[in-house]
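Examination of the molecular architecture
Chain residues, written in single-letter form:
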Amino acid sequence: MKIHHVACLEDNYAYLIIDESTKEAAAVDPVEPEKVLKAAQEHGVDIKLVLTTHHHWDHAGGNEKIKQLVPGIKVYGGSIDNVKGCTDKVDNGDKISLGADVHILSLHTPCHTKGHISYYVTNKEGDDPAVFTGDTLFIAGCGKFFEGTAEQMHQSLCVTLGSLPKPTRVYCGHEVKEDSGFLCVLKFYSMTGHY
């Protein structure tokens, strides 16, 4: 399993998850589909599906365009998040296959949006697993509480994502900037009493 990031917009990341045995790929949050398709071409892979973490335009805004550019592509998104262009709704615990070797588990991680989904990815080869956290978890903090509560963020971070195996690689939705999420973490800790 290979993972490649694609810089989009001002500070977003889209990703390609590649099943090396079949040269099939999934695109995570391809807000700029042309860039993502160019990256897929450079790596010699075909994009078969889209994994959308949440409904915000800077993550789901490219879904309709990628459906035009790749006829028949499946676009996954949270069942309660009203993701633009979604063809296949997922709930917590739903499983998706990519190629012959890659397995994707949908994890409901609400707070940034009510239906936010993180995608936990493993493969048969035993590579370190990966999780695509969208705007729930960043390297230096968490996303803003747009639609949820501190209790939901605590569940998403400390229970759902916190229970993943230690070698799990984290791929977040944005380049981390000083003001992007750290203050939200401080707010989260002060509201929940966890220090």
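An account of the accompanying structure is given in this report. (Residues numbered from 1 in each chain as written. Predicted model: local features only at pLDDT ≥ 70, side-chain atom pairs only at ≥ 80, totals over all residues. Heavy atoms only, no water.)

Bringing the sheet that holds strand E5 (residues 74-78) into the picture now. Strand order in the open sheet formed by six strands is E1-E2-E3-E4-E5-E6, and the pairing between neighbours is mixed. A single partner strand is all that each edge strand has here, and the edge strands are strand E1 (2-8) and strand E6 (88-90). Between one strand axis and the next, the sheet turns through 25° on average, direction left out of account. Pairing geometry for E1 and strand E2 (residues 12-19), over seven bridges, is antiparallel. Its bridge partner lying in E2, Cys8 is registered against Asn12. Across the sheet, helix H1 (residues 33-42) touches E1, E2, strand E3 (24-28) and strand E4 (46-51), and the angle it forms with E1 is around 145°. (Pairing = 2+ DSSP bridges. Helix = DSSP H or I, 4+ residues; strand = E, 2+ residues; numbered from the N terminus. Axes fitted to C-alpha atoms, helices over the stretch in contact; angles between N-to-C directions. Contact = heavy atoms within 4.5 Å.)

This part is about the nonpolar core. Formed by 21 residues in total, the largest nonpolar core has its most connected members in Ile17, Leu51, Ile96, Ile104, Tyr119 and Phe132. Residue assignment for this core shows that the elements contributing at least two residues are E2, E3, E4, strand E7 (95-98), strand E8 (102-108), strand E9 (117-123) and strand E10 (130-134). Ranked by size, the runner-up nonpolar core spans 18 residues in total, among them Ala14, Ala25, Val50 and Val70. (Core = buried A, V, L, I, M, F, W, Y, C linked by side-chain atoms within 4.5 Å. Buried < 20%, exposed > 50% of the residue type's maximum accessible area, 1.4 Å probe, protein only.)

Of all five residues making up E3, four are buried, and the element is well covered by its neighbours. Bridge analysis of E2 against E3 gives five bridges, and the strand direction is antiparallel. If you follow Ile18 over to E3, its bridge partner there is Ala25. In sequence, E2 turns back onto E3 through a hairpin of four residues, with Lys23 there showing a positive phi of about 60°. Note: E3 against E4, five bridges, orientation parallel. Bridge pairing links Ala27 to Val50 in E4. Between the parallel elements E3 and E4, the chain passes through H1 in a crossover that is right-handed. (Right-handed = clockwise from strand over helix to strand, strands pointing away.)

Relative to the helices and strands, Thr52 is located in the loop between E4 and helix H2 (57-60). Judged by relative accessible area, Thr52 falls into the buried class, the value being 0%. Those residues in contact with Thr52 that lie beyond four places of it in its chain are Asp29, His59, Ala60, Asn63, Val75, Tyr76, Gly77, Gly78, Val83 and Tyr119.

For the structure shown, the criterion picks out three salt bridges. One salt bridge connects Lys2 with Glu20, and the closest N-O pair in it is separated by 3.9 Å. One end of the pair, Lys2, is in strand E1; the other, Glu20, is in the loop between E2 and E3, with 18 residues separating them in the sequence. For Lys2, a relative accessible area of 42% gives the class partly exposed. (Salt bridge = Lys/Arg side-chain N within 4 Å of Asp/Glu carboxyl O.)

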